[in-house]
Amino acid sequence: MAETSENPRLQVIQGDITRLAVDAIVNAANPTLLGGGGVDGAIHRAAGPELLAECRTLGGCPTGEARMTGAYRLPAKYVIHTVGPVWHGGDQGEAELLAACYRNSLALARRHEVRSIAFPAISCGVYGYPVDEAARIAVRETGRFLAAHDLPAQVLLVCFGAEVYRSYQEAYRETYRETYGEAHQGTTEGRETGRP
Ligand code: AR6
């Protein structure tokens, strides 16, 4: 897997989230929590039918919130299901709802003493969120949470495909430019300067 490394607690990687042996993987679900396509479908397929059975007991999940289940046949220990906003042009509170998905998932993980957690690009598939904007929100919200809390110790932002990965790398670089200044920007690809 390719990887961008600057903050050792926050990594952007390219890969399949269902393969990761982290404490928790996040599912980009819909409000029914009863499965669907995209990463949701992949997670349910890999976890097995027990996951759907547990999801049925939860009674759904509103947009922006998060719910936790077991991970069954997945290598992870937990699945955190969060419901991203459908993109309607940006004036329907989408950015705040997407930020809430990251914050609520991380808070739930922390309450369960999750050390490592992996997020997919929530809302960036079927729900149509512009990837560059979603990537900035993902990097910003996870970075803020990490700065404020010791747990989770490790956050992976998992990109399924080169295009999403490029957007996330750019958002990551941008955030570090803002945090540390131009002299400290860099990624594993074309790194010109050292770690801040
Ligand atoms: N690992 C990591 N990322 C993945 C994987 C995977 N195995 N498979 C897909 N992605 P989407 P949404 C990426 O559509 O936009 C479902 O039907 C994918 O390339 O899964 O939040 C739900 O039930 C994209 O970048 O989620 C909802 O109805 C990202 O995951 C609806 O889709 C999110 O794409 C949610 O839509």
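Residues numbered from 1 in each chain as written. Predicted model: local features only at pLDDT ≥ 70, side-chain atom pairs only at ≥ 80, totals over all residues. Heavy atoms only, no water.

What follows covers the nonpolar core. The biggest cluster of nonpolar side chains holds 37 residues, and the ones touching the most others in it are Ile 80, Ile 117, Phe 119, Val 155, Leu 157 and Tyr 168. Within the residue set of this core, elements represented by two or more residues are strand S2 (10-14), strand S3 (24-29), strand S4 (66-70), helix H3 (94-111), strand S6 (116-119), helix H4 (131-148), strand S7 (154-159) and helix H5 (162-180). For Phe 119, the contacting residues outside a window of four places in its chain are Ile 17, Val 26, Tyr 102, Ser 105, Leu 106, Thr 142, Val 155, Leu 156, Leu 157 and Val 158. If you look at the next biggest cluster of nonpolar residues, it comprises 20 residues, including Ala 47, Ala 71, Ala 76 and Val 79. (Core = buried A, V, L, I, M, F, W, Y, C linked by side-chain atoms within 4.5 Å. Buried < 20%, exposed > 50% of the residue type's maximum accessible area, 1.4 Å probe, protein only. Helix = DSSP H or I, 4+ residues; strand = E, 2+ residues; numbered from the N terminus. Contact = heavy atoms within 4.5 Å.)

Further remarks concern the site of the ligand. Taken together, 21 residues sit near the ligand, with Asn 30, Gly 37, Val 39, Asp 40 and Gly 125 positioned nearest. Between a nitrogen atom of the ligand and a side-chain N or O atom of Asp 16, the distance comes to 2.9 Å. Ile 17 has a polar backbone atom sitting 3.0 Å from a nitrogen atom of the ligand. Starting from 700 Å² of accessible surface for the ligand in isolation, the protein chains cover 90%. Residue assignment for the shell around the ligand shows that the elements contributing at least two residues are S3 and helix H1 (38-47). When residues in the shell around the ligand are grouped by element, the largest group, four residues, is from H1. Looking at the shell around the ligand, its residues break down into eleven nonpolar, eight polar and two charged. (Near = heavy atom within 4 Å. Polar contact = N/O pair within 3.5 Å; in protein donor to acceptor, adjacent residues only side chain to side chain. Areas by Shrake-Rupley, 256 points an atom, 1.4 Å probe, with all protein chains shown as cover. Nonpolar A, V, L, I, M, F, W, Y, C, P; charged D, E, K, R; others polar.)

This paragraph deals with the side chain of Asn 30. Tracing the backbone shows Asn 30 in the loop between S3 and H1. Here Thr 32 takes part through its side chain, which lies 2.5 Å from a polar atom of the side chain of Asn 30. Polar contacts involving the side chain of Asn 30 include one to the main-chain carbonyl oxygen of Gly 35, which spans 3.1 Å. Apart from residues no more than four positions distant in its own chain, Asn 30 is found in contact with Gly 35, Asp 40, Val 83 and Tyr 127.

Burial along S6 is two-sided: the residues Ser 116 and Ala 118 and Ile 117 and Phe 119 are all buried. The pairing of S6 with S7 spans four bridges and is classified as parallel. Pairing of Ile 117 across the sheet is with Val 155, part of S7. In this view, the connection linking S6 to its parallel neighbour S7 by way of H4 has right-handed handedness. (Pairing = 2+ DSSP bridges. Right-handed = clockwise from strand over helix to strand, strands pointing away.)

The subject of this paragraph is H4. For an α-helix, 3.6 residues make a turn, and residues three or four places apart therefore share a direction. In this model H4 runs 26 Å from its N-terminal to its C-terminal C-alpha over 18 residues, within 8% of the 26 Å that 1.5 Å per residue would give. Among the residues making up H4, those that are buried are Ala 134, Ala 135, Ile 137, Ala 138, Val 139, Glu 141, Thr 142, Phe 145 and Leu 146. (Expected span 1.5 Å × (residues − 1).)

Of all residues in the protein, 88% have pLDDT values of 70 or greater, and the mean over the chain is 91. This stretch, residues 183-196, has a pLDDT under 50; its non-local contacts, to residues over four places away or in other chains, come to 24 contacts. (pLDDT = per-residue confidence, 0-100.)

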